[in-house]
Amino acid sequence: MRLAILYADTIYLDMNHELDFTSLGNEEKYMSEHKITQDNIDIDVDVSTTDVENNEVDTSSTDTREAATIDVKDTDLDDSTLTDTDNKKASDDQDESYLPLLALRDVVVYPHMQIALFVGRAPSVKAVELAQAEYGNKVLVVAQKDSLTEDIDQDNLYQYGTVCRIVSTMPHDSDENCIKVLIEGQYRARVDNIESHDDLLMARFERADLDVSMDESQKKNTIQALTTLFEGYADARLRNARELTRVAKRIDDLLELVYFISTRVSMDLDIKQSFLEENDVKTHINTLTEYLVKQSAEQNIEQDIQDAVRQQMEDNQREYFLNEKMKAIKNELSDLNDGAFDGEDDVAELEQRLEDADLPDDVRKKAEQEFKKLKMMPPASSESSVVRNYIEWILDTPWNATTKVSINLDKAKTVLDEDHYGLQDVKDRILEYLAVQSRMKKLRGPILCLVGPPGVGKTSLGESIARATGRKFVRMALGGVRDEAEIRGHRRTYIGAMPGKIVQSLAKVEVKNPLFLLDEIDKMAQDFRGDPASALLEVLDPSQNDTFNDHYLDMDLDLSQVMFICTANSMDIPPALLDRMEVIRLPGYTEEEKVNIAQKYLVPKAIKNNGLKEGEIEIVEAALHSIVRSYTREAGVRNLEREVNKICRKVVRGSVETHGARAPKKAERQLVTVDDKNIDDYLGVHQYDYGLAEEEPEIGRITGLAWTQVGGELLTIEAVAMKGKGELSFTGSLGDVMKESIRAAMSVVRARGDSLGIDYETVKTTDIHVHMPEGATPKDGPSAGGALTTALVSALTGIAIRPDIAMTGEITLRGKILRIGGLKEKLLAAHRGGIKHVLIPESNERDLADIPDNVKEGLTIQPVATIEEILKVALVDMPKPLKPAKVTVDKTAGKALHN
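The shown structure was predicted, so the numbers you read here are calculated from the model rather than taken from an experiment. (Residues numbered from 1 in each chain as written. Predicted model: local features only at pLDDT ≥ 70, side-chain atom pairs only at ≥ 80, totals over all residues. Heavy atoms only, no water.)

**Student:** Is there a simple way to think about the overall build of the protein chain in this case?
**Tutor:** Along the protein chain, the regular secondary structure elements total 27 helices and 29 strands. When burial is assessed residue by residue, the protein chain has 48% of its 899 residues classed as buried. Intrachain contacts of the protein chain at a sequence separation of at least 6 include 75% that bridge at least 24 residues. Summed over all atoms, the accessible surface of the protein chain reaches about 45,700 Å², with 47% contributed by carbon and sulfur. (Helix = DSSP H or I, 4+ residues; strand = E, 2+ residues; numbered from the N terminus. Buried < 20%, exposed > 50% of the residue type's maximum accessible area, 1.4 Å probe, protein only. Contact = heavy atoms within 4.5 Å. Areas by Shrake-Rupley, 256 points an atom, 1.4 Å probe, with all protein chains shown as cover.)

**Student:** Honestly, the pattern of salt bridges in this entry has me stumped. Any pointers?
**Tutor:** Side-chain pairs of opposite charge can arise where the charged atoms are in close proximity. In this structure the tally under the stated criterion is 28 salt bridges. The shortest N-O distance in the salt bridge between Asp192 and Arg190 comes to 3.0 Å. For Arg190, a relative accessible area of 24% corresponds to the partly exposed category. Between Arg207 and Asp209 there is a salt bridge whose closest N-O contact spans 2.8 Å. One salt-bridge network, in which partners are shared between bridges, spans Lys366, Glu370, Lys373 and Arg492. (Salt bridge = Lys/Arg side-chain N within 4 Å of Asp/Glu carboxyl O.)

**Student:** Explain the sheet that holds strand β14 (residues 515-519) here, please?
**Tutor:** Strand pairing in a sheet relies on backbone hydrogen bonds, with the paired strands running either antiparallel or parallel. The 5 strands lie next to each other as β13-β14-β17-β12-β18, forming an open sheet whose pairing is parallel. One side of each edge strand has no neighbouring strand; the edge strands of this open sheet are β13 (473-477) and β18 (581-585). Between one strand axis and the next, the sheet turns by 25 degrees as a mean value, whatever way the strands run. One ladder, built from 5 bridges, connects strand β12 (residues 447-451) with β18; its direction is parallel. By the bridge assignment for β18, Leu448 is matched with Glu582. Its contacts with the sheet put helix α12 (residues 424-439) on β12, β17 (563-568) and β18, and the angle it makes with β18 is roughly 150 degrees. Its contacts with the sheet place helix α13 (residues 458-469) against β12, β13, β14 and β17, and it is angled at close to 175 degrees to β14. (Pairing = 2+ DSSP bridges. Axes fitted to C-alpha atoms, helices over the stretch in contact; angles between N-to-C directions.)

**Student:** Help me out: how do you make sense of the pairing of strand β8 (residues 138-143) in this one?
**Tutor:** Across a regular strand the side chains alternate sides, sitting on one face of the sheet and then on the other. Counting buried residues along β8, 6 of its 6 residues qualify, which places the element largely inside the surrounding structure. The alternating pattern of β8 places Lys138, Leu140 and Val142 on one face and Val139, Val141 and Ala143 on the opposite face, and all of these are buried. Judged from the 4 bridges that link them, strand β6 (residues 98-104) and β8 form a sheet pairing that is parallel. Each bridged residue has a counterpart across the sheet, and for Leu101 the counterpart in β8 is Leu140.

**Student:** I'm lost on unusual backbone geometry in this one. Help?
**Tutor:** Excluding glycine, a negative phi dihedral is what most residues carry, and trans is how most peptide bonds are arranged. Here the phi dihedral of His112 falls at roughly 75 degrees; this positive angle occurs in a residue that is not glycine. Here the phi dihedral of Glu510 falls at roughly 70 degrees; this positive angle occurs in a residue that is not glycine. Tracing the chain through its elements places Glu510 in the loop between α15 (501-509) and β14.

**Student:** Can you walk me through the nonpolar core in this structure?
**Tutor:** Nonpolar side chains tend to gather and get buried jointly when the protein is soluble and globular. Residues Leu101, Leu140, Phe260, Ile261 and Leu288 are the most contacted members of the largest nonpolar core, which totals 57 residues. It is helix α5 (residues 254-264) that provides the largest number of residues to this core, a total of 7 residues. Formed by 53 residues, the second largest nonpolar core is a distinct cluster that contains Ile447, Ala535, Leu557 and Phe564. (Core = buried A, V, L, I, M, F, W, Y, C linked by side-chain atoms within 4.5 Å.)

**Student:** Help me out: how do you make sense of the packing of aromatic side chains in this one?
**Tutor:** Working definition: an aromatic ring pair is given by the centre-to-centre distance plus the angle between the planes. Summed over the entire model, instances satisfying the criterion amount to 5 aromatic pairs. When the ring of Phe230 is compared with that of Phe260, the centres are 5.9 Å apart and the planes differ by 70 degrees; the resulting orientation is edge-to-face. Taken as a pair, Phe230 in helix α3 (residues 216-237) and Phe260 in helix α5 lie far apart in primary sequence, 30 residues in all. The exposure classification of Phe230 matches that of Phe260, with both residues buried. The ring of Tyr158 is capped by Lys145, whose NZ or CZ atom sits 6.0 Å from the centre of that ring. (Phe/Tyr/Trp six-rings, centres within 6.5 Å; stacked < 30°, edge-to-face > 60°. Lys NZ or Arg CZ within 6 Å of the ring centre and 35° of its normal.)

**Student:** Help me out: how do you make sense of the packing of helix α8 (residues 346-356) against helix α10 (residues 382-396) in this one?
**Tutor:** When two helices pack together, their arrangement is given by the angle between the helix axes and by the axis-to-axis distance. Following both chains from N to C, one finds α8 and α10 inclined at 30 degrees, their axes separated by 11 Å at the closest point. It follows that α8 is roughly parallel to α10 by the angle criterion. Like other packed secondary-structure pairs, α8 and α10 cross with a definite hand, here left-handed. Contacts between α8 and α10 involve Asp346, Val347, Leu350, Arg353 and Leu354 from the former and Arg388, Ile391, Glu392, Leu395 and Asp396 from the latter. (Parallel < 35°, antiparallel > 145°, perpendicular 65-115°, else oblique. Left-handed = near helix turned anticlockwise from the far one by under 90°.)

**Student:** Is there a simple way to explain α10 in this structure?
**Tutor:** Residues separated by three or four positions in an α-helix point in the same direction, a consequence of the helix having 3.6 residues per turn. With 15 residues, α10 should cover 21 Å at 1.5 Å per step; its first-to-last C-alpha distance of 21 Å lies within 8% of that length. Regarding α10, the residues found buried are Ser384, Val387, Arg388, Tyr390, Ile391, Trp393, Ile394 and Leu395. Packing partners of the buried residues in α10 comprise α8, α9 (361-376) and α15. (Expected span 1.5 Å × (residues − 1).)

**Student:** Would you mind showing me how to read the packing of helix α11 (residues 409-419) against α13 here?
**Tutor:** The N-to-C vectors of α11 and α13 enclose an angle of 150 degrees; their axes lie 9 Å apart at closest approach. Of the possible angle classes, the one that applies to α11 and α13 is roughly antiparallel. Handedness of the α11/α13 crossing: right-handed. On the side of α11, the interface is formed by Lys411, Ala412, Val415, Leu416, Glu418 and Asp419, while α13 contributes Leu461, Ser464, Arg467 and Ala468. Residue composition of the contact of α11 with α13, grouped by class: 5 nonpolar, 1 polar and 4 charged. (Nonpolar A, V, L, I, M, F, W, Y, C, P; charged D, E, K, R; others polar.)

**Student:** In this structure, what is going on with the environment of Arg246? I would like to understand it.
**Tutor:** Tracing the sequence through the fold places Arg246 in helix α4 (residues 241-249). Each C-alpha atom, one on Arg246 and one on Glu231, is 9.0 Å from the other, the two residues being 15 residues apart in sequence.

**Student:** Explain the confidence of the model for the protein chain here, please?
**Tutor:** Reading fine detail from the predicted coordinates is not recommended where pLDDT is low. Mean pLDDT for the protein chain: 79, with 84% of residues reaching 70 or above. With pLDDT under 50 throughout, residues 1-94 is counted as low confidence; its partners more than four residues away or in other chains account for 207 contacts. pLDDT under 50 marks residues 892-899. Its contacts with residues more than four places away, or in other chains, come to 13 contacts. (pLDDT = per-residue confidence, 0-100.)

**Student:** Is there a simple way to think about the environment of Lys372 in this case?
**Tutor:** Along the chain, Lys372 falls in helix α9. With 21 residues separating them in the primary sequence, Lys372 and Glu351 have C-alpha atoms 10.0 Å apart.

**Student:** What is the right way to look at a negative patch on the surface in this model?
**Tutor:** Together, Asp689, Glu695, Glu696, Glu698 and Glu718 make up a region of like negative charge exposed at the surface. Take Asp689: its relative accessible area is 57%, and that puts it in the exposed class. (Patch = residues over 30% accessible without salt bridge, like charges linked within 9 Å, V, L, I, M, F, W, Y side chains within 5 Å. Lys, Arg positive; Asp, Glu negative; His and termini not counted. Charge placed at Lys NZ, Arg CZ, Asp CG, Glu CD.)

In structure tokens form, the structure reads like this:
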């Protein structure tokens, strides 16, 4: 005998929303109030049930929900609790392995549990009516796999369900097609076969009771553990926690307790169904235990977070109260002491700066909004620090402050001549640029980009222009910049956000129209943090930079009055960025220019920086020539400056050893003269040999001219022929372009074998090795084809090459010499190396007009168009052809044709 207690406490909608009601009457009222339509009539109502001994119902708690008692005796019901369609027609010999099937969505019914259902689908209503009419109120309840499917499909049903007894039914007040059904789970069943009859499903099944294979001690401990875990879960997540916990503690059957808890927890439908599908009760217990433990841990974490937040809020409120109290005390003290304490208030100081600042209207509006937020915040809060920094950056940015720009071409020319020797073409272009700016209010011209090797004075030229125009000078190094935020700034959502280097640099010089030097613009890179070169497009575009938007300030900043000048070592600049610039090349200095620079700038600067006095050292011109020729080989003057400083340091050391640390008096000073004879005493053994003309002619060795980022260079090319199998090899850290040039040169030589006196059989049994010394230095570029061909011809014919000759130019398979770039840098390299005769492509002859006369002095520059012209000049003797050229007579025209 059992007395079942029915608690109608939770409705499970199709979307698993939980709703409360206290009785079936409330349930109907809820459906009516919320206007649940016909589409949602198959609503599953989960009703907690348990067994209570001796027909006792605990009503001690006044806050528990209203309960209805139903007397259950085996499978029979009191007639008073059944509807008009009760099972009076059912017979005792009815087959209980064949029952109508009721499909449920979003709910699993377990044995010993009672469930209240809203049944609205036609097959479900017919199954209930048939069960009451012919099957003794028995129905097989099975859950659907896909709860969103409206139609009942056999393939969409699970294999295991629960045989249930229909306790009562009643019509729905607002929907005549829907009925309320209260069912009670009897036992677990496995579905063997499902049949479709007259718009309803019938199922044949087998009873499948579960056996809990545990001793009494294990059962008792497991029940105690599950009850304890469920109590914690209910306290944290269920509204009627005390009532449900009290019911759970009275259940002494382990399997029934598992079903009871499973009905209450919010597990997935497939997990709940697995408690019916699988036969291992221990697995069910472990799954349920793991879920409850996990929920308990999550609840503990959530509780800790809530406690921490509550404590932080209390601390902030206390801190805010104390700060407000301190502010009131300061105001009182300020009134008593005539404002003596006002300077201590940072917010007041910031407010004063905001009032005095010269800001555009939109910027002032934004700053005042942020300042209002700042006054509402506790001073020690992290958000207060962020807002304060933002306001300070707004105030530090020069929105309207400018310096007076005065462009006087005479003054500018004087400044450029004082600061830089030579570079006449560069100076003329800069003066033209300044002349245009003197008539234009805004800088609408292209951005100047100074391109040249290191040490030629690109950065110092920018400083000179700033001094000539009266602008403040600011420099931004772009070498290695990979992050777009370095240009545009970080957004304020990031921790530690700052404006970009553009805004930072303007804030540093405090004006909006400085000369801004973007140094080493070709050294920028890009990675996952963005492309800084793309961010510079807006900065350097005169038609866009008047509304430059920094991500941190998030306001438009006018950069149109900034004079931007860029520097680079090479033309390796993104095309879109290069399109906004006007390139001015600084190729390097000749020997005479370097000596003059040393005399006028480097030597006086080195004497001053090393603490020497007038009359202590004299570096004569011959010594400077020796340094340039034998100790440096560069386009610029940085190494020259280092060598001059090295001489000065040695002289200072000798003076200190003689006179001590103090500078000697004028009468005690001993003049040290450095010339080309004693230069080795100060700089050691010379590093480079000057002049190649004194060397003897060699077979297979020729000097080429190459362009690098640090200026022009002499490139030695060697070729040697040896007995072998006709193989071609090459060494010297060569790039792909250089390797292709070697193969093309070899093809040119073999195609002209007869005219060059080279036998084909000899080539088949001869190995050729091409080598370019200094193997650790990478070499690549399309300008060595002519030199390579000459070296191969010399190696195969045994005819030596003149030592005082150098050449540049790529070759085609037809023997044509192609145009090259960087002619000025290459001629300077030949000038530095003592080369007397230079061969250049004929198509580059027009470029000689742009080469200064001091570069062309001392050089014999000869344009050539074919390899035959090169060989006539480069080889000591011309090779003899193997056989004379054939002559074919055209009898019709009477002319001789040479093959």
